[in-house]
Amino acid sequence: MNAGAPKSPMNCSFPNFGKIVKFAFDATGLLPRKRGDCDGLSEQEKKRIQKQLERLIDEEGALQERCGELIQSLAYISAGTINHPKVNLAIGDVAIDLFEVYHLVIRSDGTYLSEMENIRWFCRSYAIQRLGLSIQKHLLRYNLAKEGLETPVDTDWYLPTMAEGTTVWPLEKAIRWIYQVCETNQTRFHFPEKDAKVAIVRCSEQQQNLENAADWLNGKRVPSWPALHWNFSTSLERLGTVADPRFRREVPSERRESMMVVLFLARVATYVCKAISEAFGQAFLAQLIDQFQQQRAWLISDLEPFNKNIKSYLSKIHTTADICDEVWWVESEQYWSWFTNRSIAISKELNRLLSQNNYATLSEGTVSALVAKHGDYSVRTILEQIKAHSEFIMPEGFPQAVLEGIDLKSRQSLKDGDIDRYVDAITHRGLTHCLPWMEPWLRACIRYRCQDYESAFGYMELAFEQAKYCAGNRQYELVNQFIELAAKTDRWKCFKKGVDWAHYLGLSVRWLRDREPTVENLRDTFEIMKTMQYRM
């Protein structure tokens, strides 16, 4: 590329936050309106949320504020369909934990992979481990074991079972469990009077429920949550009023709540696992399931002493349910704080050992000694993460290309010809798609130094957009330079966009620092940056 107009964007990035939030909504299945009475939202409210999702994907408006609003909306809709506060809070906290891990990855990890490969990498390296940890963490924090929720006996009811080329999805497991608990079959559950003449008048709706349930059991489609909720809640209502006592089933409200929780979680798990299978294949899904099951087993074993200590303490004081919940909450907070600090220390110890071993695989004797000292989970999950990283081969010369670009930027004598030669070199090595932000950033630097701010902004805007989900921890300087050039060229909206992105990632903004991003403070910073000159 010569010094003319900037290139069009190239696809080497993580999915943006809007796509991740949209996937979370899709996974819950909460937005479709055909059977939406269970959530308490109007058609207008759901259309508003869908419009917000579209704007978030396009990154219009205040990203941090819009993302927060949508996550709150998701929690609100979920609470409107599952009548169990603790379960809702636990589900929400697990989701937030996953969002936070993704947020940290965007801030710290540069990438040389496509969007789809980055999803694979994130699942293997971070998401599965964080999911397993968060589930156990919030089960304990909220003391859910004492809530009396009924779930299928199968420990893996919320995971697909894959064997001999067939897959039993979690939703099928949940539906069959409900039939079993009600001591009835599929037909009698959804259409209890199917063979009776009195059913003729109202048979259409029940017949439709029965047919839909058959499709869901066969895995032909994943229903929306409102449709699933409506089908099973109305069927449960009818079971208690059937005239024929042979088919009548009176299901207590507490058991119904358990059924709705199991259905909801099974539907989410089925949607997510099917999406993974369709995108990456059954073998990859099986690998993730194996990883989750193994790490869960290690963690449960690791948690046994903590569990026993709390239960022993509570058995001696004979206290109220509220005090029990408080004990679990307080002790869990302390335990998980210690757990995190321990994990950091073990990670440093492993990195030191790997460095001493020239990053070759540690001997089984060394690993066994570490496990004896720290436990399986803390040691083996870190080693698993290292193994997962190694599954995604870094392009040859990529680290050198990054360092060469940074070195060029530091040269005050930098010319467009130097950048042309650099671009030719990384093009020859097949690395241009890995560093789409580097070239425009370098060209912006030249023009900034010449005080050609208008031209510099054109390049810096492209560098900013390309770097957001690609450059990782290289973003601090780049984002601040984008913000400054937006001020110098009197682009208020672009200035606010840059500040919002910086705050969302937790990056400090020059001259604003720790001050709240009020309009007054932003205006002050905007005016200061118009006149200040930094060495770029």
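Everything below is about the structure printed above this text.
Below is a summary of the structure that appears in this document. (Residues numbered from 1 in each chain as written. Predicted model: local features only at pLDDT ≥ 70, side-chain atom pairs only at ≥ 80, totals over all residues. Heavy atoms only, no water.)

**Points about the overall build of the protein chain**
Now for step 1: Across its full length, the protein chain holds 21 helices and two strands.
Now for step 2: Across the 536 residues in the protein chain, those meeting the buried criterion constitute 48%.
Now for step 3: Here the analysis covers contacts within the protein chain between residues at least 6 apart in sequence; of these, 73% occur between residues at least 24 apart.
Now for step 4: Surface summary for the protein chain: the accessible area is close to 26200 Å², and the carbon and sulfur share equals 53%.
Now for step 5: The positive charge centre, built from 67 side chains, and the negative charge centre, built from 69, are 1 Å apart in the protein chain. (Helix = DSSP H or I, 4+ residues; strand = E, 2+ residues; numbered from the N terminus. Buried < 20%, exposed > 50% of the residue type's maximum accessible area, 1.4 Å probe, protein only. Contact = heavy atoms within 4.5 Å. Areas by Shrake-Rupley, 256 points an atom, 1.4 Å probe, with all protein chains shown as cover. Lys, Arg positive; Asp, Glu negative; His and termini not counted. Charge placed at Lys NZ, Arg CZ, Asp CG, Glu CD.)

**A look at the pattern of salt bridges**
Now for step 1: Applying the stated criterion to the full structure yields 40 salt bridges.
Now for step 2: Residue Glu147 pairs with Lys86 through a salt bridge whose shortest N-O separation is 2.8 Å. Of the two residues, Glu147 sits in the loop between α5 (115-141) and β1 (161-163) while Lys86 sits in helix α4 (residues 85-108), which places them 61 residues apart along the sequence.
Now for step 3: The exposure class assigned to Lys86 is buried, which follows from its relative accessible area of 15%.
Now for step 4: The closest approach of N and O atoms between Arg130 and Asp97, which form a salt bridge, is 3.6 Å. In this pair, Arg130 sits in helix α5 while Asp97 sits in helix α4, placing the two residues 33 residues apart along the sequence.
Now for step 5: Look at the salt bridges and you will find they share partners, linking Asp416, Asp420, Glu439, Arg443 and Arg447 into a network. (Salt bridge = Lys/Arg side-chain N within 4 Å of Asp/Glu carboxyl O.)

**What to know about the nonpolar core**
Now for step 1: Among the nonpolar cores identified, the biggest contains 111 residues, and Phe232, Leu263 and Phe495 are the most heavily contacted of them.
Now for step 2: Excluding residues within four positions of it along the chain, Leu263 makes contact with Leu171, Ala174, Ile175, Ile178, Trp225, Leu228 and Phe232.
Now for step 3: In this structure, Leu299, Leu303, Tyr335 and Phe339 belong to the second largest nonpolar core, which totals 15 residues. (Core = buried A, V, L, I, M, F, W, Y, C linked by side-chain atoms within 4.5 Å.)

**What about helix α17 (residues 438-449)?**
Now for step 1: With 12 residues, α17 should cover 16 Å at 1.5 Å per step; its first-to-last C-alpha distance of 17 Å lies within 8% of that length.
Now for step 2: Among the 12 residues that make up α17, 11 are buried, leaving the element largely enclosed by the rest of the structure.
Now for step 3: Taken together, the buried positions of α17 are occupied by Met438, Glu439, Pro440, Trp441, Leu442, Arg443, Ala444, Cys445, Ile446, Arg447 and Tyr448.
Now for step 4: Where α17 is buried, its residues meet α15 (398-410), α16 (416-428), α18 (453-467) and α19 (475-488).
Now for step 5: Remark: Gln451 follows α17 within two positions and exhibits a positive phi of approximately 60°. (Expected span 1.5 Å × (residues − 1).)

**Considerations on the packing of helix α11 (residues 282-317) against helix α12 (residues 321-356)**
Now for step 1: The interhelical angle for the contact between α11 and α12, taken along N-to-C directions, is 145°, at an axis separation of 11 Å. In this structure, the crossing between α11 and α12 has a hand that is right-handed. On α12, the residues that touch Leu299, Asp302, Leu303, Phe306, Asn307, Ile310, Lys311, Tyr313 and Leu314 of α11 are Cys324, Val327, Trp328, Glu331, Ser332, Tyr335, Trp336, Phe339 and Arg342.
Now for step 2: Its residues placed into classes, the contact of α11 with α12 shows 12 nonpolar, two polar and four charged. (Axes fitted to C-alpha atoms, helices over the stretch in contact; angles between N-to-C directions. Left-handed = near helix turned anticlockwise from the far one by under 90°. Nonpolar A, V, L, I, M, F, W, Y, C, P; charged D, E, K, R; others polar.)

**Let's talk about the packing of aromatic side chains**
Now for step 1: This model, assessed by the stated rule, comprises 34 aromatic pairs.
Now for step 2: A centroid spacing of 5.4 Å and a plane angle of 70° characterise the contact between Trp121 and Tyr126, whose relative ring orientation is edge-to-face.
Now for step 3: One aromatic cluster is present, formed by Phe14, Phe17, Tyr102, Trp121, Phe122, Tyr126, Tyr469, Trp501 and Tyr504 through successive ring pairs.
Now for step 4: Across from the ring centre of Tyr453, 5.7 Å away, lies the NZ or CZ of Lys488, which sits over that ring. (Phe/Tyr/Trp six-rings, centres within 6.5 Å; stacked < 30°, edge-to-face > 60°. Lys NZ or Arg CZ within 6 Å of the ring centre and 35° of its normal.)

**Notes on the environment of Asp97**
Now for step 1: Judged by its relative accessible area of 10%, Asp97 falls in the buried class.
Now for step 2: Separated by 35 residues in sequence, Asp97 and Gly132 have C-alpha atoms that sit 11 Å apart.
Now for step 3: Excluding anything up to four places from it in sequence, Asp97 contacts Arg130, Ser134 and His138.

**Digging into the side chain of Asn118**
Now for step 1: With respect to the element layout, Asn118 can be found in helix α5.
Now for step 2: The buried category is assigned to Asn118, whose relative accessible area is 2%.
Now for step 3: At a separation of 2.9 Å, a polar atom in the side chain of Asn118 contacts the main-chain carbonyl oxygen of Ser13.
Now for step 4: Aside from chain neighbours lying at most four places away, what touches Asn118 is Ser13, Phe14, Thr111 and Leu113. (Polar contact = N/O pair within 3.5 Å; in protein donor to acceptor, adjacent residues only side chain to side chain.)

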